[in-house]
Amino acid sequence: MTDNDRKPDSDDSPRVQLDRRHDSESGTAERLALNRTGSFEWDLDSRTLDIDVAGLLVFGVDPDTFTPRPGALLERLEPVERTRLELAADEAIHGSRNSYSIHFQVPLDDGTHQWTHIQARVLRSDDGQAHRIIGVVRDATAEITHSAFVLDLEKRRQRQTSIVERTTSAMSRAVTVDDVTAALTGPGGLARLGADGLALALVEGNALNVIALSGDAPEAIAEVAARNLDPRFPLADTILRGRPRFATSIGALTRRYPALEPYVDRLRFRAAAYLPLVAQARTLGGLALFYHERTAFNADERNLCLGLAAIVAQSLQRATLFDEEREFATGLQSAMLPRQIQEIKGGEIAVRYHAAWSGRQVGGDWYDVIPLPKNRFGIVVGDVEGHDTHAAAIMGQLRIALRAYAAEGHPPATVLARASRFLAELDTDRFATCTYAQVDLASGTVRMVRAGHFGPLIRHTDGRIGLPQVRGGLPLGISTAFEDEEYPETRLDLVPGETLVLYTDGLVEEPGADIDAGVRALVHEVRAGPTRAQALADHLSDRLWERWGAGDDVALLVLRRSPDPGSPRAPRLHQYIHQADPEGLSEARAMVRQALEDWNLAEFADDAELITGELLVNVLLHTDGGAVLTLEVLPKSVRRVRLSVQDRSSAWPRRRTPGETATSGRGLLLLDAIAVRWGIESRGEGKAVWCEIGPSASSASAARARKPTRSAGPGAAVKPPDPEESADPSEGPS
């Protein structure tokens, strides 16, 4: 309703028409008045408002003081409500609509507000101009209040339903007790419960063990609960009685539990719900929920808290049973693995076993280190098919059998063949994979066999990672069933300072990714990891096993041969060059040059690099295996560089006289021209070609006589060997 200036008033005293109805209409008016509903007629041409007494009472206006000016009613409204009402009427009058409806608030004399509703119809002339508005006005407070109550009630019910659904969903994914506490205290945990803080405690004997605190949970809870179950405190009292307690103020809580008074300053909540956690008639512990703003708990809210406690109790009971079963299974498997690994001479070994975090039971992964005669030892890493206690039991029997066969002194191929036969005779449908090796650290010899398992990794002294091609046979058990118990042996040479890594698939299997990606990640971490065996084993466990999600168990064995750096005056380096590693040749040459520069012997770097290439090429072209390169400084009065290349071939090189167009055959001639001394000696199953580069004794003495500074140019190295520097019988030139 609004004043309209389209036509001037006809006189200065507008007409007032109040409740002039026919007698036949009085009954209807009375009924409308009883329902606080009135009617009105607004003449737009004369700018007068005809409204009945009931309508005036809706606006809270005394009929005797009312003037029929529309603005008189609008002036009673607050500016915001007045603007809303004017806009609604103007849009209907000047628009194409013939009716409008609006709810607004009318301030009453007692300071309250009344919701009021107008339903109006616009009457127009033949030309479409609005000339009159008729309608009803009524008190809608009860309707609006009831609707608001219903909406608020529905919101509360939706909120409670959401809390229950989200908590149930989170608890359904919790497997262990740690999972339950993580779901309650992790991101969104308190929001799911609709609380501002919580404390979760389990009964252990006569005491409470607080396993979770979150939000504004008072730390005093943990301090108090560490004592025996004391009914003077609310959480313990709730557990002992098995009945919930709801506190709506700190004062009421301390009056009921005076023992809390020393902790009042640390209680940062206004209300709390203390709930017993009961599952299958057994009280597991208690849950306390703390609230900042709450001052009461109605029946629905109490039922909600009890429902949350029931959900948490059921989840804790299930998780506790799971943890107990898993502890038994992992304990069984741990008992089947060696408790201690003996120290080895000439190196260090680190072993790790990690049980899977997911799943109820454990797997059949294992490791072992087996003492052998002549200061040798066997190493094995394997995996029995399956992830249950049966796999763990099979693993224990197979580990003991393989250990016995190895200790009898059988070669690696025989050890695996007998182990396969043993597994087949156990009358089980399980098979096993493993890698087994006999190691002699004195010589660095590693004799390795595989049964359907991953091959090893070797970290060389220069940081390169090698993946040697170890020939393999069928998995244990399957090879016997197919009557194919052949396990070809591969020999590896582990030089001082190199590291050998054996592992099971749990270390490289990333869910949803190709196994090759996991192996590449392992190669990267072995390269980037620390040097010592124990530290490297921890590094691989932290970076890979936990990275993949720990969904599978892992056995890991790291063997490092002790480095042989020599001494500050006589340093020494070793490097293995694999037969199928063409890049290893250039890397070895670079290593020799860099080492001599670091040792302040750069004047010999050109000759040493040239001879290194010649000796290694000879091995890689004319033998079936790799070579071990040793570079050292001889601790003599005449400082020389000694190069040695060892291989597994028993055939010695022969001096030849190549023609002018020959492309080979000059290696020994070059060695004879550059080296001061050189020779060939037997080394176990192979040989070593060695040489010394540097000044002879006579040239060094003459140089010292001429001037005090050292003179050891390449020219001295090409002179014939001095008689006083002739080789030992075992080191004489061929």
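Up top is the structure these notes are about.
Description of the structure in this document. Computed from a prediction, not measured in an experiment: that's the story for all the values here.

Scoring rules and cut-offs
Residues numbered from 1 in each chain as written. Predicted model: local features only at pLDDT ≥ 70, side-chain atom pairs only at ≥ 80, totals over all residues. Heavy atoms only, no water. Helix = DSSP H or I, 4+ residues; strand = E, 2+ residues; numbered from the N terminus. Buried < 20%, exposed > 50% of the residue type's maximum accessible area, 1.4 Å probe, protein only. Contact = heavy atoms within 4.5 Å. Areas by Shrake-Rupley, 256 points an atom, 1.4 Å probe, with all protein chains shown as cover. Pairing = 2+ DSSP bridges. Phe/Tyr/Trp six-rings, centres within 6.5 Å; stacked < 30°, edge-to-face > 60°. Lys NZ or Arg CZ within 6 Å of the ring centre and 35° of its normal. Salt bridge = Lys/Arg side-chain N within 4 Å of Asp/Glu carboxyl O. Axes fitted to C-alpha atoms, helices over the stretch in contact; angles between N-to-C directions. Parallel < 35°, antiparallel > 145°, perpendicular 65-115°, else oblique. Left-handed = near helix turned anticlockwise from the far one by under 90°. Nonpolar A, V, L, I, M, F, W, Y, C, P; charged D, E, K, R; others polar. Expected span 1.5 Å × (residues − 1). Arc of directions from axis to C-beta. Core = buried A, V, L, I, M, F, W, Y, C linked by side-chain atoms within 4.5 Å.

### Structural notes on the overall build of the protein chain
Thought 1: Looking only at helices and strands, one finds 21 helices and 26 strands in the protein chain.
Thought 2: Expressed as a percentage of its 734 residues, the buried residues of the protein chain come to 48%.
Thought 3: Here the analysis covers contacts within the protein chain between residues at least 6 apart in sequence; of these, 63% occur between residues at least 24 apart.
Thought 4: Just so you have it, the protein chain exposes about 35800 Å², and 49% of that area is on carbon and sulfur atoms.

### A word on the environment of Leu-585
Thought 1: Along the chain, Leu-585 falls in helix α17 (residues 582–598).
Thought 2: In this structure, the C-alpha to C-alpha distance between Leu-585 and Leu-616, residues 31 residues apart in sequence, is 7.0 Å.
Thought 3: The residues touching Leu-585, leaving out its near neighbours within four places in the chain, are Ile-577, Gly-613, Leu-616 and Val-617.

### Description of the pairing of strand β12 (residues 364–372)
Thought 1: The element β12 is largely enclosed, with a buried count of 8 among its 9 residues.
Thought 2: Bridge count for β12 against strand β13 (residues 376–384) is 9 bridges, and the pairing is antiparallel. Along β13, the bridge assignment pairs Asp-365 with Asp-383.

### Some words on the packing of aromatic side chains
Thought 1: Using the criterion set out here, one finds 7 aromatic pairs in the structure.
Thought 2: A centroid spacing of 6.4 Å and a plane angle of 65° characterise the contact between Phe-233 and Tyr-263, whose relative ring orientation is edge-to-face. Residue Phe-233 is located in the loop between α8 (220–225) and α9 (234–241), and its partner Tyr-263 is located in the loop between α10 (250–256) and β9 (271–279); the two are separated by 30 residues in the primary sequence. Exposure class is identical for Phe-233 and Tyr-263. Each is buried.
Thought 3: Counting every residue linked through ring pairs, the aromatic cluster contains Phe-246, Tyr-291 and Phe-297.
Thought 4: Positioned over the ring face of Tyr-257 is Arg-256, at 4.7 Å from the centre of the ring.

### Let's talk about the side chain of Glu-301
Thought 1: Tracing the backbone shows Glu-301 in helix α11 (residues 299–336).
Thought 2: Look at Glu-301 and you get buried, because its relative accessible area is 16%.
Thought 3: Contacts of Glu-301, omitting those with residues within four sequence positions, involve Gln-160, Arg-294 and Ala-296.

### Focus on the pattern of salt bridges
Thought 1: All chains considered together, the criterion is met by 32 salt bridges.
Thought 2: Salt-bridge contacts for Arg-352 lead to Asp-538; the nearest nitrogen and oxygen are separated by 2.8 Å. Residue Arg-352 is found in strand β11 (residues 347–354), and its partner Asp-538 is found in helix α16 (residues 533–545); the two are separated by 186 residues along the sequence.
Thought 3: Judged by relative accessible area, Asp-538 falls into the partly exposed class, the value being 36%.

### Things to note about the sheet that holds strand β2 (residues 48–51)
Thought 1: With antiparallel pairing, the 5 strands of this open sheet are ordered in space as β2-β1-β5-β4-β3. In the strand order of this sheet, the two ends are held by β2 and β3 (99–107), each with one partner. Strand-to-strand twist across the sheet, computed as the mean angle between neighbouring axes with direction ignored, equals 25°.
Thought 2: Here strand β1 (residues 37–43) runs beside strand β5 (residues 130–139); their pairing, made up of 7 bridges, is antiparallel.

### Quick notes on the packing of α17 against helix α18 (residues 605–622)
Thought 1: Axis separation between α17 and α18 bottoms out at 9 Å; the angle between their running directions is 155°. In terms of axis orientation, α17 runs roughly antiparallel to α18. Seen along the crossing, α17 lies across α18 with a hand that is right-handed. Facing Leu-585, Ala-588, Arg-589, Val-592, Arg-593 and Leu-596 of α17, the residues of α18 in contact are Ala-605, Asp-606, Ala-608, Glu-609, Leu-610, Thr-612, Gly-613, Leu-616 and Val-617.
Thought 2: Classifying every residue of the contact of α17 with α18 by side-chain character gives 9 nonpolar, 2 polar and 4 charged.

### Observations concerning α17
Thought 1: Taking 1.5 Å per residue as the helical rise, α17 with its 17 residues ought to reach 24 Å, and the 25 Å between its terminal C-alpha atoms agrees with that figure.
Thought 2: Looking only at α17, the buried set comprises Gly-584, Leu-585, Ala-588, Met-591, Val-592, Ala-595 and Leu-596. Around the axis of α17, the buried residues are gathered within 125° of arc, so they sit on the same side. Exposed side of α17, more than 90 degrees from the buried face: Pro-582, Glu-583 and Asp-598 are the residues found there.
Thought 3: Looking at the buried side of α17, the elements it contacts are β22 (572–577), α18, β23 (627–634) and β24 (640–647).

### Comments concerning the nonpolar core
Thought 1: Ile-379, Tyr-436, Leu-476 and Leu-559 are the most contacted members of the largest nonpolar core, which totals 51 residues.
Thought 2: Ranked by residues supplied to this core, first place goes to helix α12 (residues 389–407) with 8 residues.
Thought 3: Sequence-distant contacts of Leu-559, defined by excluding residues within four places in its chain, comprise Ile-344, Glu-348, Ile-349, Phe-377, Ile-379, Val-439, Leu-441, Leu-494, Glu-498, Thr-499 and Leu-500.
Thought 4: Core analysis: the next-biggest nonpolar cluster, separate from the first, contains 35 residues, Ala-195, Leu-304, Cys-305 and Ile-311 among them.

### Considerations on α16
Thought 1: Helix length check: α16, at 13 residues, gives a terminal C-alpha distance of 17 Å against a target of 18 Å (1.5 Å per residue), a fit within 8%.
Thought 2: For α16, the complete set of buried residues consists of Ala-533, Leu-536, Ala-537, His-539, Leu-540, Ser-541, Leu-544 and Trp-545.

### Some points on the packing of α12 against helix α13 (residues 412–425)
Thought 1: Interaxial distance between α12 and α13 falls to 9 Å at its minimum, and their mutual angle equals 145°. The two elements α12 and α13 cross, and the hand of that crossing is right-handed. Contacts from Ile-394, Gln-397, Leu-398, Ala-401, Leu-402, Tyr-405 and Ala-406 in α12 reach Val-415, Leu-416, Arg-418, Ala-419, Phe-422 and Leu-423 in α13.
Thought 2: For the contact of α12 with α13, the residue count by class is 11 nonpolar, 1 polar and 1 charged.

### Digging into unusual backbone geometry
Thought 1: Even without being a glycine, Arg-47 presents a positive backbone phi close to 55°.
Thought 2: Under the relative-accessibility criterion, Arg-47 is labelled partly exposed at 22%.
Thought 3: Positive phi outside glycine occurs at Glu-483, with the angle close to 55°.
Thought 4: Note on placement: Glu-483 falls in the loop between α14 (478–481) and β19 (490–493).

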